[in-house]
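So the chains spell out like this:
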Amino acid sequence: MLPTLKLPAQVSLVYAAATPPLLVKGRCVAQAADALTLEVPEGTDLPAASTVIVDFAAESGVSRVIASVTSVEGGRVALKVTRVPIPEKREYPRMNGGIVLKYFVVPGKDDAAVDAWIGGGEPVGKLHEPDPFMNFSVTGLAFDDLETCADGDTLGFTITVPGAGHTWRGAARVVRVWKIPIDERDDSIPATHRIAVNFLSLPDDAAEALRLHTQRIQEAWL
């Protein structure tokens, strides 16, 4: 089940059943089939038979395993791997968080209008600003708003990512618009539809800001 790993390897161990969840950094120093030995800070409290998640450095040969604790002695933890999750096919994970987005529909999907917008021109349609809590990744967004656009439309937009201190211009293609079920709507905002878009044009530093925002949310969750 578990491939032969390149050891020693840097790891992050998560024990989610603790309150608050326990996250420690360490090293995987030994492997015998599905049995692993980790070096972690002394005093790390892991009950016998508890389930943990171990994330490995990229070069190790595996990205993540689910394992059961068999023993803890000082700074050494013995584990039995119970599952190796299939890696996420998406290159960039999707997260939920705050993103300030303003957008307009480009009439006729006009490439010249898109180029003019990205170059600093004025919007050629009505600006919309959805609620900032949305699903995002480095490749696109999904947000709630009124039915402002349709599948296949091109959007010009500005995006502001928390912690970045900058606003960028870009363009996106609408990949899906669907009605939010009544029982899933947020009464505090007027949104009736969910809109999913993929970026057509996004500056590299904006993509990096989204990647860092994703990382901050993941670390806060842990």
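Residues numbered from 1 in each chain as written. Predicted model: local features only at pLDDT ≥ 70, side-chain atom pairs only at ≥ 80, totals over all residues. Heavy atoms only, no water.

Colleague: If you had to explain the pattern of salt bridges to someone new, which residues and values would you point to?
Modeller: With the rule as written, the count across this model stands at 5 salt bridges. The shortest N-O distance in the salt bridge between E39 and R27 comes to 3.0 Å. Placement of E39 in strand β3 (residues 35-39) and of R27 in strand β2 (residues 22-32) is noted, with a sequence separation of 12 residues between them. E39 gets classed as partly exposed once you look at its relative accessible area, which sits at 29%. Of the charged contacts in the structure, one is a salt bridge between D55 and R64, with a shortest N-O distance of 2.5 Å. We classify D55 as partly exposed; its relative accessible area is 22%. (Salt bridge = Lys/Arg side-chain N within 4 Å of Asp/Glu carboxyl O. Helix = DSSP H or I, 4+ residues; strand = E, 2+ residues; numbered from the N terminus. Buried < 20%, exposed > 50% of the residue type's maximum accessible area, 1.4 Å probe, protein only.)

Colleague: Tell me about the packing of aromatic side chains, and please be specific about residues and values.
Modeller: Scanning the model with the defined rule gives 3 aromatic pairs in all. Judged by centre distance (5.2 Å) and plane angle (50°), the ring pair of Y103 and F143 falls under tilted. Of this pair, Y103 sits in strand β8 (residues 100-105) while F143 sits in strand β10 (residues 140-145), and the two are 40 residues apart along the sequence. Neither residue differs from the other here; Y103 and F143 are each classed as buried. Arranged with centres 5.0 Å apart and planes meeting at 85°, the rings of F104 and W117 form a pair that is edge-to-face. Here the residue F104 occupies a position in strand β8, and W117 occupies one in helix α1 (residues 111-118), the gap between them amounting to 13 residues. Judged by relative accessible area, which is 1%, F104 ranks as buried. What makes W117 buried here is its relative accessible area of 4%. (Phe/Tyr/Trp six-rings, centres within 6.5 Å; stacked < 30°, edge-to-face > 60°.)

Colleague: I'd like a rundown of the nonpolar core, residues and numbers included.
Modeller: Core analysis: the largest hydrophobic core is formed by 26 residues, its most contacted members being L141, I159 and L210. Secondary structure elements with two or more residues in this core: β8, β9 (133-136), β10, β11 (154-160), β12 (167-179), β13 (193-201) and α2 (204-221). Not counting the four nearest positions on each side in its chain, L141 is found in contact with R94, L101, M134, N135, F136, I159, I195, A196, V197 and F199. With 22 residues, the next largest nonpolar core counts Y15, V24, L38 and V40 among its residues. (Core = buried A, V, L, I, M, F, W, Y, C linked by side-chain atoms within 4.5 Å. Contact = heavy atoms within 4.5 Å.)

Colleague: Could you give an account of the sheet that holds β2, with specific residues and numbers?
Modeller: Pairing within the closed barrel is antiparallel, and its 6 strands lie in the order β1-β2-β3-β6-β5-β4. Between one strand axis and the next, the sheet turns through 45° on average, direction left out of account. (Pairing = 2+ DSSP bridges. Axes fitted to C-alpha atoms, helices over the stretch in contact; angles between N-to-C directions.)

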